Amino acid sequence: MSSMQCVCFPPHSLLRKTSSELMDFLEGGSSEREEKDPSTSTTTNIAQKVIGLLGVPGFIINTFGPQILTQARRNPRLFRIITPLIIAFSAAAALTHLIWPLFNSIIGEWLPFAQLKSDDPLYDYLCRWVHFRNDPLRHLQVDAQSAAYRRQQVNDKLWWPEDHAGAKDICFEKSGKRFFWFERTLFILEAISWSGRRSYYNDSKDVKLKAFSFSHRPIKAVLQEAWNTYQNEEGSRTTRIWHCPEDDWDVLAHKQTRPLDTVDVDDTEKTKLVKDLKKYLSDETKEWYARRGIPYRRGYLFYGPPGTGKTSLSMAIAGHFNIDLYVLSLANPRLSDGMLTNLMTSVDEPCVVLLEDIDSAGLSREVSSTMIDKPKPPPPPRNDDDDKDYDKMGRIGERVDVRYNITLSGVLNALDGAASPEGHVLIMSTNHPEALDPALARAGRVDYKVEFKNATFETAKNIFKRMVGDETQDLEELATTFAKQIPNGKFSPAELQGYLLNYIGDVDGAMTDLDSWLKKSLEEKANREKLEAEKKGIAPKPAEPEQKTEPSEREKT
Ligand SMILES: Nc1ncnc2c1ncn2[C@@H]1O[C@H](COP(=O)(O)OP(=O)(O)OP(=O)(O)O)[C@@H](O)[C@H]1O
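Residues numbered from 1 in each chain as written. Predicted model: local features only at pLDDT ≥ 70, side-chain atom pairs only at ≥ 80, totals over all residues. Heavy atoms only, no water.

Rules: UniProt positions are given in the numbering used here, feature names are shortened, and annotations may be inferred rather than shown by experiment.
For the protein chain, the name recorded in an unreviewed UniProt entry is AAA+ ATPase domain-containing protein, with Lithohypha guttulata as its organism. The Sequence similarities (unreviewed entry) comment attached to the protein chain in UniProt states, word for word, "Belongs to the AAA ATPase family. BCS1 subfamily."

Some details on the overall build of the protein chain
Inclusion rule: The secondary structure listing takes helices from DSSP runs of H or I that are at least 4 residues long and strands from runs of E that are at least 2 residues long, numbered from the N terminus. Between buried and exposed lies partly exposed: a residue is buried under 20% and exposed over 50% of the maximum accessible area for its type, with that area taken using a 1.4 Å probe on protein chains only. What makes two residues a contact is simply this: any of their non-hydrogen atoms within 4.5 Å. Surface exposure here means Shrake-Rupley accessible area, sampled with a 1.4 Å probe, where a residue is shielded only by the protein chains that are shown.
The number of helices and strands found in the protein chain is 22 helices and 15 strands. Taken across its 557 residues, the protein chain has 43% of its residues classed as buried. Pairs at least 24 apart in sequence give 72% of the contacts found in the protein chain among residues at least 6 apart. With the model as given, the accessible surface of the protein chain reaches about 31,200 Å², and the carbon-plus-sulfur share is 54%.

Examining a nonpolar patch on the surface
The condition that has to hold: Nonpolar side chains (Val, Leu, Ile, Met, Phe, Trp, Tyr) within 5 Å and like charges within 9 Å form the patches, drawn only from residues with over 30% relative accessible area and no salt bridge. Throughout this description, the term salt bridge denotes a Lys or Arg side-chain nitrogen within 4 Å of a carboxyl oxygen of Asp or Glu.
A cluster of nonpolar side chains, contributed by Leu95, Leu98 and Ile99, occupies part of the molecular surface with about 280 Å² of accessible area. Within the secondary structure layout, Ile99 lies in helix α7 (residues 76–110). Take Ile99: its relative accessible area is 45%, and that puts it in the partly exposed class.

Thoughts on the pattern of salt bridges
All told, the structure shown has 10 salt bridges when counted by the stated rule. When the shortest N-O distance is used, the salt bridge between Asp264 and Arg466 registers 3.0 Å. Here the residue Asp264 occupies a position in the loop between β8 (250–256) and α12 (267–281), and Arg466 occupies one in helix α18 (residues 457–467), the gap between them amounting to 202 residues. One salt bridge connects Asp416 with Arg442, and the closest N-O pair in it is separated by 4.0 Å. Here Asp416, found in helix α17 (residues 408–416), pairs with Arg442, found in the loop between β14 (425–430) and β15 (448–451); they are 26 residues apart in sequence, far enough to count as distant. We classify Asp416 as partly exposed; its relative accessible area is 24%.

Digging into the nonpolar core
Applied cut-off: Nonpolar core, defined: a set of buried Ala, Val, Leu, Ile, Met, Phe, Trp, Tyr and Cys residues in which side-chain atoms within 4.5 Å join the residues together.
Among the nonpolar cores identified, the biggest contains 29 residues, and Leu340 and Leu355 are the most heavily contacted of them. When residues in this core are grouped by element, the largest group, five residues, is from α17. Here Leu355 is in contact with Leu328, Leu330, Leu415, Leu426, Ile427, Met428 and Ser429, once residues within four sequence places are set aside. Counting 28 residues, the second largest nonpolar core, distinct from the first, contains Ile241, Val265, Tyr289 and Ala316.

Regarding the packing of α12 against helix α14 (residues 310–320)
Stated precisely, the cut-off is as follows: All axes are obtained by fitting lines to C-alpha atoms, using only the stretch in contact for helices, and the reported angles, taken between N-to-C directions, cover 0 to 180 degrees. Working rule for angles: under 35 degrees goes down as roughly parallel, over 145 as roughly antiparallel, 65 to 115 as roughly perpendicular, anything else as oblique. If you view the pair so one helix is near and one far, a crossing is left-handed when the near helix is turned anticlockwise from the far one by less than a right angle, and right-handed when it is turned clockwise. Amino acids are sorted into nonpolar (Ala, Val, Leu, Ile, Met, Phe, Trp, Tyr, Cys and Pro), charged (Asp, Glu, Lys and Arg) and polar (every other residue, Gly among them).
Their axes nearest at 12 Å, the elements α12 and α14 cross at an angle of 45°. In terms of their interaxial angle, α12 and α14 are classed as oblique. In this structure, the crossing between α12 and α14 has a hand that is right-handed. Residues Lys270, Leu273, Val274 and Leu277 of α12 lie in contact with α14, whose contacting residues are Leu313, Ile317 and His320. Residue composition of the contact of α12 with α14, by class: five nonpolar, one polar and one charged.

Describing the pairing of strand β7 (residues 238–243)
Note the cut-off: Pairs of strands are assigned from DSSP output, requiring at least two bridges between the strands.
The element β7 is largely enclosed, with a buried count of five among its six residues. Summarising the sheet, β7 and β8 pair through six bridges and their orientation is antiparallel. Pairing of Trp242 across the sheet is with Val251, part of β8. In this antiparallel pair of consecutive strands, β7 and β8, the connection spans six residues. Two elements, β7 and strand β10 (residues 324–329), share two bridges in a ladder whose sense is parallel. Bridged to Trp242 within β10 is Tyr326.

Let's talk about the UniProt feature "transmembrane region" (unreviewed entry) in the protein chain
With numbering matched to this structure, UniProt assigns "transmembrane region" (unreviewed entry) to residues 81–103. As annotated, residues 81–103 has a helix share of 100% and a strand share of 0%, and its two end C-alpha atoms lie 32 Å apart.

Quick notes on the confidence of the model for the protein chain
Test applied: Note on scores: pLDDT gives the predictor's confidence for each residue, bounded by 0 and 100.
Of all residues in the protein chain, 65% attain a pLDDT of 70 or more, and the chain-wide mean is 73. Across residues 152–168, confidence stays below pLDDT 50; counting only partners more than four residues off in sequence or on other chains, it has 37 contacts. Here residues 194–204 is modelled with pLDDT under 50, and outside its nearest four sequence neighbours on either side it reaches 41 contacts, counting other chains as well. This complex was scored by the predictor with a pTM of 0.60 and an ipTM of 0.98.

Some thoughts on the sheet that holds β10
Reading across the sheet, the seven strands line up as β8-β7-β10-β11-β14-β9-β15 and stay open at both edges, with mixed pairing between neighbours. Looking at strand neighbours, the two that pair on one side only are β8 and β15, the edges of this open sheet. Ignoring which end each strand starts from, the neighbouring axes of this sheet average 20° apart.

Things to note about a negative patch on the surface
Formally: Charged residues are defined here as Lys and Arg on the positive side and Asp and Glu on the negative side; His and the ends of the chain fall outside this count. Charge coordinates come from a single atom per side chain, which is NZ of Lys, CZ of Arg, CG of Asp or CD of Glu.
Residues Glu246, Asp247, Asp248 and Asp250 make up a contiguous surface patch of negative charge. Looking at where Asp250 falls in the secondary structure, it is placed in strand β8. Judged by its relative accessible area of 41%, Asp250 falls in the partly exposed class.

Re the packing of aromatic side chains
Put simply, the test is: Here the aromatic set is Phe, Tyr and Trp, taking the six-membered ring for Trp, and pairing holds for ring centres within 6.5 Å; pairs whose planes are under 30 degrees apart are stacked, those over 60 apart are edge-to-face, and all others are tilted.
Inspection of every chain in the model, using the stated rule, returns 16 aromatic pairs. Centre to centre, the rings of Trp288 and Tyr289 are 5.6 Å apart; their planes meet at 75°, and the pair counts as edge-to-face. A relative accessible area of 39% means that Trp288 is categorised as partly exposed. On the basis of relative accessibility, which here comes to 12%, the residue Tyr289 falls in the buried class. With centroids separated by 4.5 Å and ring planes inclined at 25°, the aromatic side chains of Tyr499 and Trp517 adopt a geometry described as stacked.

Here is the structure:
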């Protein structure tokens, strides 16, 4: 009976038990009383099981229990010391084995949560918002990785620039589970990777935001707060870019939104274009089209030499209107008419659809086969744009015969057939507008044309200021000197950017080396033109007298 009481009593009452009673209990019924009462042995077994359930392994009880208690019987003072220790240990074990799993199951199953996919901009905003909060718990939660390992793992999604800076050997990152408080509610942000690991970085794809609450309201409040913080913050907005690696759209990247003023095209032209797009994308215009039963579409044609900003402006437009950009090159030999129709019907409006190189497939009413210059594999890219620029600087490889599976009628059908989408901004870009079939560029398909040109004086000057200096330097005079050296209309902005990329922060170097670079590049251009002319059987044009870019009237004043 006494051992029974020992089990049932709350732990603090154990302190009041005598040493012999407790010894009976732990020794598993070796006492006299047990022999008299067979029910005692059952009770002791139950007691052992309960203690086992509390997390005290049986072998510890069996091995050390009797010895400790023999000592304790001899020395009651020792007994009084070890009893609270046993109770504390049992309580800790109970916490680990009973309460912690319960807590985890509450977190896992019962809390309201929101799950966000990594291709949603809100995902980035939320992660950044949580990361930059001044949360007292923040510094307790850290993961560590060697820099070499992380370089293999981390994709281009840099949520926490300060953690990624430099080539440190060991990088500390925030833990995969983050607890934080917001408006008196406790939250957990948990990253879930496709490989099952939980970490913010390693191929993590989704995050779960959980709130210790009975409703979803606190979750909505956090998401709204994160959205408000980053959506309107200059420089932190991202544009989602889709491409088509196989036969369906896939998110290529979330690029930082490109401000319109970093694309140098004629200011008046740019303002007019943005105004036109704004009007087209407004709700009133949408209703206007609907009321009249006119398909709600508008097509834009961006044309001009390579590397003059057609793609860049399309990206900036998507960012400006905060809509996605879908990019598709018609020069892709895998593209067929059916695939194009499927792709066009599966974009989410409103969005910008950029159809690049609409001339390069040699679109005709037949399946076509064309000789094209196959680009050499680019060198290891320095940044996202570089591999693209590489080809634009004229370094091209062998010529290959490419068979296109796309026809003019297929393209026309995808653009404005009965099943074609509405509500998107269609931008078609080409380097050779003269080669376009008139049906492709007719009014109704192309409603607005924008010409892109090689660098003028002002473009060269702007690019110089943007690329070489920093905000603290007054580069007006040097930029003017630089721009005056650039022959008018001879170099694309991409080429100037390519040159200046080698001189970031080195204004003097950019100025000193300019002459020799210009000479070399002009020679290369002349050779290329000669080769092209020979290929086409045209007599080479006599060299034009070189014309430097001239300051505009505005510049002169
Ligand atoms: N007008 C411009 N203003 C600022 N940067 C430019 C401009 N044109 C080109 N660039 C820079 O050159 C690079 C290539 O530009 P982009 O891809 O927009 O050219 P593109 O006209 O689309 O070329 P392509 O006809 O070959 O597709 C980008 O990194 C961009 O920043």
